[in-house]
Amino acid sequence: MSIKKGKFFPYGIHPEGRKELTSELPIEIMPLPSKVYLSMSQHIGAPAMPTVAKGDVVKKGQLIGKENGAVSANVYSSVSGTVFGVEEIINALGQKQTYVIIETDGSNEEALFESVKDFEPTTLIERIRLAGIVGLGGAGFPTAVKLSPKTQLDTLIINGAECEPYLNCDYRLMLERTEDIYKGIKHVAKALKLNNVIIGIEENKPLAIKAFEKFSDINIVVLKKQYPMGSEKHLIYCTTGRKVPVGKMPFDVGVCVQNIKTMIACYEAIELNKPLTETVMTVSGNGVTEPKNLKVALGTPLTDVLNYCGGLKDNAVKLVAGGPMMGKALIGLNHYVRKTDSGVLALINGETDTDAPTNCINCAKCARNCPMRLMPMYIESFALADDYTNAEKYGAMNCLECGSCAFNCPAKRPLVQSISMAKAKIREMKKNGK
Amino acid sequence: MANNLLVFSASPHVKAKRTTKHIMIDVCIALLPACIMGVIYFGLNAFLILALSLLSAVISEFIYLLICGKKFKAIIKEFDFTSCVTGLLVGMSIGTNYPLYAPVFGSAFAIIVVKMLFGGTGKNLVNPAVTGRIFIFMSFQTVVGAWLLPSISAIGEPAVNTSATLLESLLKGEISNLSNLNLLLGTGVAGCIGETCKLALIIGGIYLAIRGVINIGYPIIYIAVTGLFTVALNGFEFTYFLPSILSGGLILGAIFMATDYTTTPNTTVGNIIYFVALGLVTAGLRQATGMETVSFAILLMNLFVPLIDKFVINRPFGFIKTKKTKGGV
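Residues numbered from 1 in each chain as written. Chains lettered and ligands numbered in written order. Predicted model: local features only at pLDDT ≥ 70, side-chain atom pairs only at ≥ 80, totals over all residues. Heavy atoms only, no water.

### A closer look at the overall build of chain B
Line of reasoning, step 1. If you tally the helices and strands in chain B, you get 15 helices and zero strands.
Line of reasoning, step 2. Per-residue burial for chain B yields a buried fraction of 53% across its 329 residues.
Line of reasoning, step 3. Here the analysis covers contacts within chain B between residues at least 6 apart in sequence; of these, 75% occur between residues at least 24 apart.
Line of reasoning, step 4. Total accessible area on chain B is roughly 14200 Å²; 71% of this is exposed by carbon and sulfur atoms. (Helix = DSSP H or I, 4+ residues; strand = E, 2+ residues; numbered from the N terminus. Buried < 20%, exposed > 50% of the residue type's maximum accessible area, 1.4 Å probe, protein only. Contact = heavy atoms within 4.5 Å. Areas by Shrake-Rupley, 256 points an atom, 1.4 Å probe, with all protein chains shown as cover.)

### Details of the domain arrangement of chain A
As a measure of interface size, the accessible area lost when the parts come together is often cited.
Residues and elements named next belong to chain A.
Line of reasoning, step 1. Domain boundaries assigned for chain A yield domain 1 (2–24 + 133–270) and domain 2 (365–433).
Line of reasoning, step 2. Computed from C-alpha atoms alone, the centre-to-centre distance between domain 1 and domain 2 is 27 Å.
Line of reasoning, step 3. If you look at the interface, domain 1 gives twelve residues, while domain 2 gives twelve residues.
Line of reasoning, step 4. Overall, the association of domain 1 and domain 2 removes approximately 900 Å² of surface from exposure, summing both partners, and the carbon and sulfur fraction of that is 67%.
Line of reasoning, step 5. Summed over the shared surface of domain 1 and domain 2, the result is zero salt bridges.
Line of reasoning, step 6. At the boundary of domain 1 and domain 2, one finds four residue pairs in polar contact (both at pLDDT 80 or more). (Domains from an automatic or database assignment. Buried area = accessible area lost by both parts, 1.4 Å probe. Salt bridge = Lys/Arg side-chain N within 4 Å of Asp/Glu carboxyl O. Polar contact = N/O pair within 3.5 Å; in protein donor to acceptor, adjacent residues only side chain to side chain.)

### Overview of the confidence of the model for chain B
Residues and elements named next belong to chain B.
Line of reasoning, step 1. Within chain B, residue pLDDT values average 85, and 86% of them lie at 70 or more.
Line of reasoning, step 2. Within chain B, helix 2 (residues 44–67) carries the highest mean pLDDT (95), whereas helix 7 (residues 166–171) carries the lowest (60).
Line of reasoning, step 3. Here residues 321–329 scores under 50 on pLDDT; set against residues more than four positions off or in separate chains, the count is twelve contacts. (pLDDT = per-residue confidence, 0-100.)

### Overview of unusual backbone geometry
Line of reasoning, step 1. With an omega of -5°, the peptide bond between Tyr227 of chain A and Pro228 of chain A qualifies as cis.
Line of reasoning, step 2. Checked against the element boundaries, Pro228 of chain A lands in the loop between strand 12 (219–223) and helix 6 (232–240).
Line of reasoning, step 3. In this model, Ser11 of chain B is joined to Pro12 of chain B through a cis peptide bond whose omega is -5°.
Line of reasoning, step 4. Despite not being glycine, Arg18 of chain A shows a phi value in the positive range, around 50°.
Line of reasoning, step 5. For Arg18 of chain A, the location among the structural elements is in the loop between strand 1 (2–5) and strand 2 (27–29).
Line of reasoning, step 6. For Phe236 of chain B, which is not glycine, the phi torsion reads 55° and is therefore positive.
Line of reasoning, step 7. Note on placement: Phe236 of chain B falls in the loop between helix 10 (217–233) and helix 11 (241–246).

### Here's the deal with the nonpolar core
Line of reasoning, step 1. Counting residues in hydrophobic clusters, the biggest one holds 83 residues, and the most contacted among them are Ile64, Ile102, Leu156 and Phe212 of chain A.
Line of reasoning, step 2. Of the residues forming this core, the biggest block, seven residues, is contributed by helix 7 (residues 260–270) of chain A.
Line of reasoning, step 3. Those residues in contact with Ile102 of chain A that lie beyond four places of it in its chain are Ser34, Lys35, Val36, Leu38, Val58, Ile64, Ser77, Val79, Gly81, Thr82, Val83 and Phe84 of chain A.
Line of reasoning, step 4. Residues Ile361 of chain A together with Met92, Ala102 and Ile251 of chain B belong to the second largest nonpolar core, which totals 71 residues. (Core = buried A, V, L, I, M, F, W, Y, C linked by side-chain atoms within 4.5 Å.)

### A word on the side chain of Glu268 of chain A
Residues and elements named next belong to chain A.
Line of reasoning, step 1. Here Glu268 is to be found in helix 7.
Line of reasoning, step 2. Overall, Glu268 belongs to the buried group, its relative accessible area being 9%.
Line of reasoning, step 3. Discounting chain neighbours no more than four positions away, the residues touching Glu268 are Arg177, Asn273, Lys274 and Glu278.

### Considerations on helix 3 (residues 169–176) of chain A
Since one α-helical turn is 3.6 residues long, residues separated by three or four positions face the same way.
Line of reasoning, step 1. Burial analysis of helix 3 of chain A places six of its eight residues in the buried class, the great majority of the element.
Line of reasoning, step 2. Taken as a whole, helix 3 of chain A has its buried residues at Cys169, Asp170, Tyr171, Arg172, Leu173 and Met174 of chain A.

### Some words on the environment of Tyr240 of chain B
Residues and elements named next belong to chain B.
Line of reasoning, step 1. Summarising the element assignment, Tyr240 is placed in the loop between helix 10 and helix 11.
Line of reasoning, step 2. When its relative accessible area of 10% is taken as the criterion, Tyr240 is described as buried.
Line of reasoning, step 3. C-alpha separation for the pair Tyr240 and Thr230, spaced ten residues apart in sequence, amounts to 7.0 Å.

This is the structure we're talking about:
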């Protein structure tokens, strides 16, 4: 074991943490809802194919959506019950997705994988793929794909930064399920055939750092409290000093980054033979009556989650799926918990920002804060002028959409919105061009 | 749950509280010490000039927006205090012997022609205050003649009756008998309302740096380069250093005019190029013309900013790696 201080990158921002709302609350297990809505597309890549039809009886942990292609993930039923329907629903994120709706029967019968005694690296990866595990930090990239790089890696980095304000689910898991995380890490390290494991934890979580001190084969790196420390490229730089080249992936520098929650999911899939059917999320914000850390069955409707937390206050003005910096605002309540959800926030006026944008005053704060060293003001103005060739030239595709630029913008310009629009248009252009 | 009016917007959902308005109010606060010292030194007339130029700037912005068809309430709501900064700076950069209509015309010109016609806050090509100052200088200098001395005379030295500003005599090779302390405090120094007391300006600059509005390094680069280049042009006579930076409008220009967000480059490297060039141009022009050229230098360099911004851009995180041959792995 070794504890060392992480490197510092001179960009990024320091938003108010606001973690105290839920940081001391143990994870509660939320009772099962009467119906769950399981999206077939809770990951990056091709949507899963539904394998059940209306009227089928399913157990908890039974496959209901089969992966479709190399980059895809299985979806399992999170409750036991009857399939109520397979429907296309436009959810509160504005996405039209196929949902398998299951009515709970309360028996909680569980289907498990066959238990295997000795796992080989390949069987480990196969089990992780089978269990439908994706990067649970928010991106949702299928973990099995990430664990099968073309070259041999030398370092596994566990992301315990949790730099998003409000969110505490990783922090609570690090305190409450340290052993399980450790076991998950060991399995993943075995799958990657490497020994060097680093866990990066932000300095504002001393208890979590202490919890991991007892493991002799994990190196702890204490990270500065800085946003976006949890970004893959910056985490790699701060823990190992390696810079991921522009346009390259972490495996190009011999590193694999995994999330805390993903480690627990791997542990459960490998040792407890359970597929991924639940997630831990923080329900927070001043618009929620009782902020909580919850263990929720996947597909639970947002209304049930909010009701369990005492409902919304009358002054709540904005609902956000995810953290406040990178999460998506919801247009309604028809959101259903996904694998990648690490939080739901209900924000009130004053807490969230509703100012109208004004003229850019060219203060260059966005460029100074950008962790990717881009120049958001140029990309924005090119995007607004429909000049996507120049937007790409100024590095739009490198944008993490972390929101550091818009956070500090005194003119309150929606920089992230313009840049992500530019990214979408550039992708479209490339697709049409080739 | 009785909430069916959800706000929908792109991330991030939390933002820093500071807006353009807050920044501009901070700049106004930073200008106050110098304004107060100006009124103390030059009396009621100084106050009148400052008030008139401030009012003229604000009112011309309002009139312009009203003509453009904006509702009065909306103008009040969107008022961001940039015109207050411009108005104060224009007033501060002229002397009390100017006729009272000079600041009125100067501010109106700065706001309407330099700022609003280009699209308002953030769209101007050159600094409005600097241009307003030059406008007044060009239009009314013949009416005025010499600079006036402040009411407080130099500490520990006999009053000087010079018609030329100290800087002008300095450039003609007459080393003044005024001590650097007097130059810093502005006692016994002829000059403009807001430029005379350098100490007040420096206090304002420190306030802005503490509040994070400006990077104090850039004005320091500008001032230091100007001083050193003046020294170099005068045969490395280091007695020129402090008088050259403590006289004229250099400190006001460096802290409040050259650092204007809109008319400075967007990168650190670009800013360093800009401020070094500014220092060289200022000192060079001063030497060549024998008069105060800070505002002309800023105006000139403002026009180079788009060019600097075109060629100096940040490299993305991880960019250097692709060129290097040694691998990090």
